[in-house]
Number of protein chains: 2
Amino acid sequence: MKKRFLLLWMLPLSLFAQQKNVVQYVNPLIGTQRMGHTFPGATVPFGMVQLSPDTDTIPYEMNGKYNPDVYKYCAGYQYDDKTIVGFSHTHFSGTGHSDLGDFLVMPTVGALQLNPGIATDTKTGFRSAFSHANEKAEAGYYKVKLDDDNITAELTATTRTGFHQYTFPKTNDAHIILDLMHGIYNYEDKDAWTFVRVENDTLVTGYRQTAGWARTRTVYFAMTFSKPFKEYGCKDFSKKQVYRGFWGKFNQTKNFPDLAGKQLRMFFNFNTEEGEKIKVKMALSSVSTEGALLNLRTEAPNWDFEETKAAAQAAWNTELAKINIEASEAEKQNFYTALYHAFLGPTVYMDVDRKYKGLDQNVHTAANFTNYTTFSLWDTYRALHPFFNIIQPTRNGDMVNSMLAHYDQSVLKMLPIWSHYSNDNWCMSGYHSVSVIADAILKGNTSFDAKHALEACVTTATHSNYEGIGSYVEKGFIPDEKLGTSASTTLEYAYDDWCIAQAANKLGRTDLYETFSKRAGSYKNIFDANVGFMRARKEDGSFKNDFDALSTHGQGFIEGNTWNYSFFVPQDPEGLITLMGGKKKFSARLDTLFTMYLPDKYFAETEDITRDGIIGTYVHGNEPAHHVAYLYNFAGQPWKTQERVRMILKHQYKPAPDGLGGNDDCGQMSAWYLFSTLGFYPVAPGATVYQLGSPAINKAVLQLENKNTFTVEAINQSDKNVYVQKVVLNGKQLEQPAITHEDIMKGGTLTFYMTDKPKK
Amino acid sequence: MKKRFLLLWMLPLSLFAQQKNVVQYVNPLIGTQRMGHTFPGATVPFGMVQLSPDTDTIPYEMNGKYNPDVYKYCAGYQYDDKTIVGFSHTHFSGTGHSDLGDFLVMPTVGALQLNPGIATDTKTGFRSAFSHANEKAEAGYYKVKLDDDNITAELTATTRTGFHQYTFPKTNDAHIILDLMHGIYNYEDKDAWTFVRVENDTLVTGYRQTAGWARTRTVYFAMTFSKPFKEYGCKDFSKKQVYRGFWGKFNQTKNFPDLAGKQLRMFFNFNTEEGEKIKVKMALSSVSTEGALLNLRTEAPNWDFEETKAAAQAAWNTELAKINIEASEAEKQNFYTALYHAFLGPTVYMDVDRKYKGLDQNVHTAANFTNYTTFSLWDTYRALHPFFNIIQPTRNGDMVNSMLAHYDQSVLKMLPIWSHYSNDNWCMSGYHSVSVIADAILKGNTSFDAKHALEACVTTATHSNYEGIGSYVEKGFIPDEKLGTSASTTLEYAYDDWCIAQAANKLGRTDLYETFSKRAGSYKNIFDANVGFMRARKEDGSFKNDFDALSTHGQGFIEGNTWNYSFFVPQDPEGLITLMGGKKKFSARLDTLFTMYLPDKYFAETEDITRDGIIGTYVHGNEPAHHVAYLYNFAGQPWKTQERVRMILKHQYKPAPDGLGGNDDCGQMSAWYLFSTLGFYPVAPGATVYQLGSPAINKAVLQLENKNTFTVEAINQSDKNVYVQKVVLNGKQLEQPAITHEDIMKGGTLTFYMTDKPKK
């Protein structure tokens, strides 16, 4: 039994040895400074647990007012901070709003402190100073020295379990704090309920229910210690404690195992020898503490931290080695960290027995697929899901299955907009699930019921009460009176409708194809030929006054001005070019976009990005223009696509903590990087064509799930040689700067011949 | 299929026709005035749903202070009130603290009002005036005319479903309000979370989670309407609404099906014709909305209100007809209403698929028993569970199984003290589960694992951190410094320990028998021979100062002064008699107890009872002295037992709304009545002997589950002929005023010959 067990665990390790070690190039600290909003902690690919240090706890509101500092802490960690509050188990990667931060664990020694304290004086609480010199972040592993108490903290994870290893000094006053009220984007009253049982002197179970970005979210846990605690206790920090009644019979502050309340913090006390390691494992579940315990016992059955770390890193290597590149060390760091960030989510959302909590709060079983959550679809439909259709097709099919389960459980009968933990937080515009679904259907990656998926798309897109859909269908655009983002949402709906049309066409539903193709042309309805831009329209059909093409605010757009959004017709670049007066005018406009000077007052309006995140008024740090650099291809100037793409790659992605110019947005920024670095990009997901750009590596070999291999070579590419002289696919020179999905999936070699001269 | 279905439903109806109709004698209004705390609404025997009118909504606190009026509303209904707020689905019967009141439904017409309004002006809200002239309360059926809006409301129930039938006037403004924040004993912040889905235009599902007497309680529901509502809506009444974020995209006040928050009220609008009936069914579950829906569809599959009512009343008749009596009409009302009240709980607590939520908040399956909740054990161990051991032995065995499941799930490893809805509220003292378990074991009613049950008793009784158990075991009494109720709790533990000893003896555990027999003698340790009373002792062994034998407060007792509590040695009356100086002194003291004048200042201290509830200083409205009238038997003066019992029966139980002198306490007061009316009483549950009193009916036939029949006859009994001349059991005259459990269960006839002269 023992032997078999060992062999099982050795398996990924031996694979690891055979494969190229690419994990070494991952630097999870990339993007942790300023706007990247990534987290540096430990997780496995698509893991349910993201165990990561939080450097501060900022409430969403202070004295009833929005506290803008909360935004910095979307991922819980800011590189510039000097202190760590503790290590919590759930994080989003790269978002621009947030939630989670469940179950913060923090080791301390000395006098027991149950408040985190303030950053400027760590003696005021359980937080500790740390320095990056003593910090190490790897894929699946994180280590830091907590200076205040001379404790070394190490973290690793399985899919559903966080594994902590704390090395203590000698003391009779060692504590492990479990903060059950810590959270990211904490509101007053966010903690609806917390329930804890100390099952024995090494096992604690419970759950926390919050009302935040996810309105009704419960996370269950099972937490186990490698060493019995000598005593433990709890404090209720809620302003007004709930009725205690006859519970007053018990002293609940110390060694009392049956706890519940709104805002609880616990402590567990130990004696430790110098250098003694106390380990903690915490498994999560969306179903029950029983589910969490099952996850814990199945995934992390022993106390071998090194073995778990090795397994986590082997899992990463397996995923990351699906693409092997030849490039500079710096580029490898960029590339594999982008791949790492792309593989952080969507996250697995079911227990090892396949059970999960659905939107109806009932327990469901994902019998035939892996259920995922964390769908930041406004971001990720653009490049991340198309990237998955190439390199993670099985997962992408399961993601669509998860979206369909969401739809089936939704009492609103809507596909997810931005869903996490059995909830939709409704963030951002459009109904971009349909893009993900159409892209999968068009690319033949349908492990799901495609007919049902099409029905879900149509039902979602005809939900007349949702964000102006009713008016949009009736008038062909959303009137400004109905919606603050009337113009950008009209453009997004038009693209999404084109996606539905493509899926309908593929599935032989000509009726739907016609209906939604017509809707897809709605973008034309908000083009103001007089000013030459997309522009919000009013109920009476007139255009909204006070037009300002540079402003993001009050113009009917979101996260982009009309300079950017006027290019948002990915489904019909040719039509847009016509609308804008032909290829010449169109490419001149693109030139201006990338080169114009944006006055500071407009930058101040721009959300989520640093000054460096803007090129001209092209905003790479937000998503709406992600396809725009590739539009030169349609205007007959592919060399400008090549030039712009390389410029963006060079300026927006650096192997450093501040290397990301904007939020990574659950991997979308990384996916843009990955496609562009490989030399092609899906301008319109839902189409099977990719526009060619300028590969930024010398060679990349993609190991596809179908066992085929697709190789990209870039002969003579360098920082100067960014222009493409010719492209050869399997020995045949391409006439257009485009390839198809089939070209990739059947395997082969795409060779770019690079030069320093644009080929006009 | 249809036919088979009908036959299935007809079965209880045909039985009903064959059996004597005793349901007619039940008057659920008995006890609804003043202190009885019963509810008049519709339920089936031991039903999970108690659908009943609530006449007011009084918060537990007003402006941060306890609001004493809340106490009146333990059952939601007070007979003296002139208005009804609505009909809610869960109620305790006869408790002296409370909770529940889930899911209040109220029909209205005219302008929509979402506040209940005030009782003195029903126009201020959705409540309505009503009068008892238009009210009808039967077992399983309740009807009332709501005067404000001329609506007739009728209620019936299945085990897990409440069935409403509302007869409306003609209007285009008919509303059915669903108040999801209504509750009994509502505290600020009691509503932890509420979640609702409007699944379609006739079905609503959801749950409400509260933090009240039950600290972590969630009740799920599925609610269906016989007619589609034309529109619906919701309002959030919480002081500070939770973060709404992107949910602001939706207008959530009207026709929005996806709702959650802390304090919600909903409305459903209809057009109605004159006399049109709109019916509502609401099923509950502790597990999930899925479970509630399963309960609904299994138990109440059609819209035939009359059929459901007939089935409910047939179920009642089946249970009530287990005892047929010959008595006056008034006495039949008393008797069958007492039997009805005795059969209201404990309540079934599992779905039709046997699933229920356990104390660990995980879902469990009661594979081999019916799971029950609502165990008010400090009250009900005395007579209710012993009564069940005779007339409901299967249910009582399942109740013990439920208590053992509670123990198994308890992280404190304790049998229930006062448990409801997967929680223990820890109300009152002692660990009287052990009495219920011992009584069942001694009487051979063990469908449960008796060994495991004994282990649970011992573990509970050795929980040294619970209410002075540690000191009690160490010193033989609980010191006054440790516990405000040190004296009464010492007495209760001593009795409970005797129960454990009896069970241990029966199961051959001599070691435990000896240990707990010794502990059972602890009552002697707090008897102060100087004053002749039980008396609180201090850590140093001395008795507590400022002794006042009449006072209930500050003397170390709860719900009784030492005049009452000094008789609390049910396990050893002989020992107590010796302690008190022999039979003569003992019976003289009993005489004084029943006849002395209690000054008003002491009455003011007495909880839960009316002035009429006190005879001398004997307090029948509280439980500690329930066995005391029977102690004359041990002092050789059985005629005084006979006299006192009849006096208590006459004065404390009347067939009128104010007929109960104190809280019915989940059936304990009724069970005392039932035993005493039948002529015998279990002075010490855990013993198999019953003391004989004075039967107050002419004849009673008990149909036992084992098919035997036990008949009690009282020859010549009348209000005057309360004394027993002789008693004959199966033709053989008894020498002692006692019978055994076996005497009853093997069937036979017990004949009392009554006279107006005491037989000294």
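Values in this document were obtained by computation on a predicted structure and should not be read as measured data.

Cut-offs applied
- Residues numbered from 1 in each chain as written.
- Chains lettered and ligands numbered in written order.
- Predicted model: local features only at pLDDT ≥ 70, side-chain atom pairs only at ≥ 80, totals over all residues.
- Heavy atoms only, no water.
- Helix = DSSP H or I, 4+ residues; strand = E, 2+ residues; numbered from the N terminus.
- Rg over C-alpha atoms; globule rule 2.2 N^0.38 Å.
- Buried < 20%, exposed > 50% of the residue type's maximum accessible area, 1.4 Å probe, protein only.
- Contact = heavy atoms within 4.5 Å.
- Polar contact = N/O pair within 3.5 Å; in protein donor to acceptor, adjacent residues only side chain to side chain.
- Axes fitted to C-alpha atoms, helices over the stretch in contact; angles between N-to-C directions.
- Parallel < 35°, antiparallel > 145°, perpendicular 65-115°, else oblique.
- Left-handed = near helix turned anticlockwise from the far one by under 90°.
- Nonpolar A, V, L, I, M, F, W, Y, C, P; charged D, E, K, R; others polar.
- Pairing = 2+ DSSP bridges.
- Salt bridge = Lys/Arg side-chain N within 4 Å of Asp/Glu carboxyl O.
- UniProt positions renumbered as here; feature names shortened; annotations may be inferred.
- pLDDT = per-residue confidence, 0-100.

(A) Structural view of the overall build of chain A. Within chain A, the secondary structure is distributed over 19 helices and 38 strands. Its C-alpha atoms give chain A a radius of gyration of 26 Å, within 12% of the compact-globule value 27 Å for 760 residues. Structurally, chain A occupies a C-alpha span of about 80 × 60 × 50 Å along its principal axes. The buried share among the 760 residues of chain A stands at 69%. Considering only intrachain contacts with a sequence separation of at least 6, the fraction spanning at least 24 residues in chain A is 70%.

(B) Inspection of the environment of Glu481(B) at higher detail. Residues and elements named next belong to chain B. With respect to the element layout, glutamate 481 can be found in the loop between α10 (469-475) and α11 (486-506). Judged by its relative accessible area of 48%, glutamate 481 falls in the partly exposed class. Sequence spacing of glutamate 481 and lysine 82 is 399 residues, and the spatial spacing of their C-alpha atoms is 47 Å. Those residues within four positions of glutamate 481 in sequence are excluded, and the remaining contacts are Arg537, Lys538 and Glu539. Looking at glutamate 481, its side chain comes within polar contact range of the main-chain nitrogen of glutamate 539, at 2.8 Å.

(C) Spatial organisation of the packing of helix α9 (residues 450-461) of chain A against helix α11 (residues 486-506) of chain A. All names here are of chain A. Running from N to C, α9 and α11 cross one another at 150°; their axes reach a closest spacing of 10 Å. On the basis of their axis angle, the class for α9 and α11 is roughly antiparallel. Handedness of the crossing formed by α9 with α11: left-handed. Across from Leu454, Cys457, Val458 and Ala461 in α9, the residues of α11 making contact are Asp497, Ile500, Ala503 and Ala504. Tallied by class, residues from the contact of α9 with α11 come to seven nonpolar, no polar and one charged.

(D) Fine view of the sheet that holds strand β32 (residues 689-692) of chain B. Residues and elements named next belong to chain B. Reading across from one edge, β31-β32-β37 is the order of the three strands in this open sheet, with antiparallel pairing throughout. What marks the edges here is a single partner per strand, and that holds for β31 (680-681) and β37 (738-740). When β31 meets β32, the two strands line up antiparallel, connected through two bridges. Bridged to tyrosine 681 within β32 is glutamine 691.

(E) The arrangement of the pattern of salt bridges in detail. According to the stated counting rule, one finds 65 salt bridges over all chains in the structure shown. In this structure, Asp439(B) engages Lys443(B) in a salt bridge whose closest nitrogen and oxygen atoms are separated by 2.8 Å. Taken as a pair, Asp439(B) and Lys443(B) share a single burial class, namely buried. Taken together, the shared-partner salt bridges connect Asp99(A), Asp102(A), Lys190(A), Asp191(A), Arg208(A) and Arg217(A) into one network.

(F) Highlighting the UniProt feature "domain: Glycosyl hydrolase family 92 N-terminal" (unreviewed entry) in chain A. As recorded in UniProt, the sites labelled "domain: Glycosyl hydrolase family 92 N-terminal" (unreviewed entry) are residues 25-285 of chain A. Between the C-alpha atoms that bound residues 25-285 of chain A there is a distance of 31 Å. The span itself is 0% helix and 42% strand.

(G) Summary view of the environment of Leu678(B). Residue and element names in this part refer to chain B. With respect to the element layout, leucine 678 can be found in helix α18 (residues 668-678). C-alpha of leucine 678 to C-alpha of aspartate 121: the two residues are 557 residues apart in sequence and 47 Å apart in space. Ignoring sequence-local partners within four residues, the contact set of leucine 678 consists of Ile323, Phe335, Phe387, Pro695, Ala700, Leu702, Val712 and Phe752.

(H) A look at the confidence of the model for chain A. Residue and element names in this part refer to chain A. Mean pLDDT over chain A: 95, with 97% of residues reaching 70 or higher. Low confidence marks residues 1-18, where pLDDT is under 50. Its contacts with residues over four positions away, or in another chain, come to 14 contacts. Two numbers describe this predicted complex: its pTM, 0.96, and its ipTM, 0.95.

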